[in-house]
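These are the residues of each chain, in order.
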Number of protein chains: 2
Amino acid sequence: MSRSKAQRVGVVGATGLVGREFLDLLNRRQFPIAQLRLFASGRSAGQRVPFQGSGVLVEDLTQADPSGLDVVFFSAGRSVAHQYTPRFTEAGAVVIDNSSAFREDPQVPLVVPEVNAGQLRASSSRIIANPNCSTIIMLLPLAPLYRAFGIQEIVVSTYQSVSGAGQAALDDLLGQARAFAQGEQETWTHYDRPIFLNLIPRIGDWTEDGECLEERKLARETWRILEDDTFPIYATTVRVPVERCHSESIFLRTKRDVTTREVVAVLEDAPGISLLDLPTPRELARREEVFVGRIRVDSQDPHVVRFWVVADQLWKGAALNAIQIAEQLIDMGRLSS
Amino acid sequence: MSRSKAQRVGVVGATGLVGREFLDLLNRRQFPIAQLRLFASGRSAGQRVPFQGSGVLVEDLTQADPSGLDVVFFSAGRSVAHQYTPRFTEAGAVVIDNSSAFREDPQVPLVVPEVNAGQLRASSSRIIANPNCSTIIMLLPLAPLYRAFGIQEIVVSTYQSVSGAGQAALDDLLGQARAFAQGEQETWTHYDRPIFLNLIPRIGDWTEDGECLEERKLARETWRILEDDTFPIYATTVRVPVERCHSESIFLRTKRDVTTREVVAVLEDAPGISLLDLPTPRELARREEVFVGRIRVDSQDPHVVRFWVVADQLWKGAALNAIQIAEQLIDMGRLSS
């Protein structure tokens, strides 16, 4: 791979939960950086954030000069993405956006590199959308099984960690655990009730048909990435008192008869996946792979496959996937530097 | 109801997690008690347990005289139930056993009073089996929907609280939360890893077909209680860091076309159920009902019903269901006093 060409990189939302993971991963993966600029809201602007031995000044997104960048990672929510993305693309950068702003825009590729990197080649869009975290994590095992066996339908229940809802939600969970341990009154700001020792079976706003937004995203983004919406996806998304890593209980009805051995063989060969007997989220934080376990084909119906998936949603579900997209763009010669 | 006839009551496993709930509920429900005797292992024998203003001596199960009791609630695990139940039934008592010892015995009724109380009338067995906690909780909404619409298949993923695994597991969770809050090393005895900020997607031993025992119980006991094993039940059972109350994400394919309104109407009329928009386990501890929310029929397929269920598994999933069985037996004149 020819990742030697150093890039002028921007990170928007650099002081947020996902923004910090971007910096960590850019460093760990030795992403080729010629210049690094960080952007955030006026509230965080002026801070210096440590990166590879120096302190990088955080610029005010609303005031900053958007020119001179090759690639900008946006991790700042839907409305900020809508408002500020054009400034950077018009100034010549490619934006990889982590929000839902462009995921349903047919002009914007929605990419999981292991699954549909070809979309990057097929489009000249200067915006690339990073899918929803639960979608990415489900797709890594789903896509190779879809290609090998076909899919009739999917039933998925998620177990999503609190860091997926941002810093305030994480502060709720850990603050409540501390208050509980010290016999103090637990308080909350992000949710309307405690999340410590609790579960909240709703993620995102309600849709008109009784779903919540996360359930809709899981279905629509999966269909779009697989370029096939002929099978139903029945999702139930649930927040659990886990700090980091999303888990998913997945039921798949395949078109072809399969055996557990065949399913395992397909997953063993698939990129970005590790098989484990019993993947549990706490042990798998800050790991790059999607971990798959509890793989079993029903003894009565050889079309019914079940498995359990765990992955760090701040990494493969967000920052890592976006950086992998940028790495693909470099390899394709699609970035400017 | 003629519950005036006071009973001579025994509780085996009285000092355990479920045993204490039995005492709490016998008191709260004003169960008619002429005499209360408590039994436990030699380790706990000799203690005095408070009940309605007096201290009741805990007898050593292995040494105690089993005679003179009308009804005995067993909450002491499978092997203890196998070994000691006959002593009490031969001495004239009816035993309501909370373990899995007799649940597959065709001579022993397996009963959820709201669903199949008729089994109590149809059998003269002196042992009655209390179903598995997750099974009871699923069956309360499932049985009326099964009768109204028929069932083609069920996919269920559970979110089961740690108290379902007993005191040692609960001590793990709460001890780990305290250690975390105080910056100390977390330790564990029940599980092989932390359960605080974690999930463990396995409950009970592995079966030969890649399931765990809880998944098998959920299917087999449901079939037995509905007296219909013609539809598959695909369960994935997961332990979550919740203190109390099990939750379940349930997908149901009905035989008949349904609307959300029809499903809600059936559940509103069903005994033992309360509907809530967003049932969450922590808020619903020590409530007698099974709470059902997130009820939705798929907009594309009117055979697909999904809902979310929460109930206190130490109450409706264990002690409460057993006491309700005893209350039914009293009403039927089946107890001796």
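Look up: the structure comes first, before these words.
Cut-off values and rules
Residues numbered from 1 in each chain as written. Chains lettered and ligands numbered in written order. Predicted model: local features only at pLDDT ≥ 70, side-chain atom pairs only at ≥ 80, totals over all residues. Heavy atoms only, no water. Contact = heavy atoms within 4.5 Å. Buried area = accessible area lost by both parts, 1.4 Å probe. Salt bridge = Lys/Arg side-chain N within 4 Å of Asp/Glu carboxyl O. Polar contact = N/O pair within 3.5 Å; in protein donor to acceptor, adjacent residues only side chain to side chain. Helix = DSSP H or I, 4+ residues; strand = E, 2+ residues; numbered from the N terminus. Nonpolar A, V, L, I, M, F, W, Y, C, P; charged D, E, K, R; others polar. Least-squares fit on C-alpha atoms with pLDDT ≥ 70 in both. Pairing = 2+ DSSP bridges. Axes fitted to C-alpha atoms, helices over the stretch in contact; angles between N-to-C directions. Buried < 20%, exposed > 50% of the residue type's maximum accessible area, 1.4 Å probe, protein only.

A. Region of interest: the interface of chain A and chain B. Across the boundary between the two partners, chain A contributes 54 residues, which contact 55 residues of chain B. Of the roughly 4700 Å² buried at the junction of chain A and chain B (both faces included), carbon and sulfur atoms supply 58%. Among the residues chain A hides against chain B, the three largest losses belong to Leu197(A), Tyr234(A) and Arg282(A). Together they make up 15% of the total. Counting across the chain A and chain B interface gives 12 salt bridges. Glu153(A) is the salt-bridge partner of Arg253(B), the closest N and O atoms lying 2.4 Å from each other. Between chain A and chain B we count 36 residue pairs in polar contact (both at pLDDT 80 or more) in total. Every element with two or more residues in the side of chain A that touches chain B is listed here: strand 8 (151–159), helix 6 (167–181), strand 9 (233–236), strand 10 (246–254), strand 12 (290–297) and strand 13 (304–311) of chain A. Per-element tally for the side of chain A that touches chain B: the top contributor is helix 6 of chain A, with 6 residues. Tallied by class, residues from the side of chain A that touches chain B come to 27 nonpolar, 10 polar and 17 charged.

B. Structural detail: the relation of the copies chain A and chain B. Note on the identical chains: chain A maps onto chain B by a rotation of 180° and an axial translation of 0.0 Å, with an RMSD of 0.0 Å. Both copies are brought into coincidence by an operation consistent with a two-fold rotation axis. An overlap of 100% is found between the interface residues of chain A and their copies at the interface of chain B, pointing to a shared contact surface.

C. Representation of the sheet that holds strand 3 (residues 48–51) of chain B within the structure. Residue and element names in this part refer to chain B. With mixed pairing, 7 strands are arranged side by side in an open sheet as 3-4-2-1-5-6-7. Single-partner strands in this sheet number two, and they are strand 3 and strand 7 (127–129). When the angles between neighbouring strand axes are averaged without regard to direction, this sheet yields 25°. As judged from the 3 bridges shared by strand 6 (residues 94–97) and strand 7, these two strands associate in the parallel manner. Bridge assignment links aspartate 97 to a residue of strand 7, and that residue is alanine 129.

D. Summary view of unusual backbone geometry. All names here are of chain B. Phi angles above zero are rare outside glycine, and glutamate 227 is one such case at about 55°. By relative accessible area, glutamate 227 is classed as exposed at 60%. For arginine 286, which is not a glycine, the phi torsion comes out positive at approximately 60°. Checked against the element boundaries, arginine 286 lands in the loop between strand 11 (273–275) and strand 12 (290–297). Owing to a relative accessible area of 41%, arginine 286 belongs among the partly exposed residues under this scheme.

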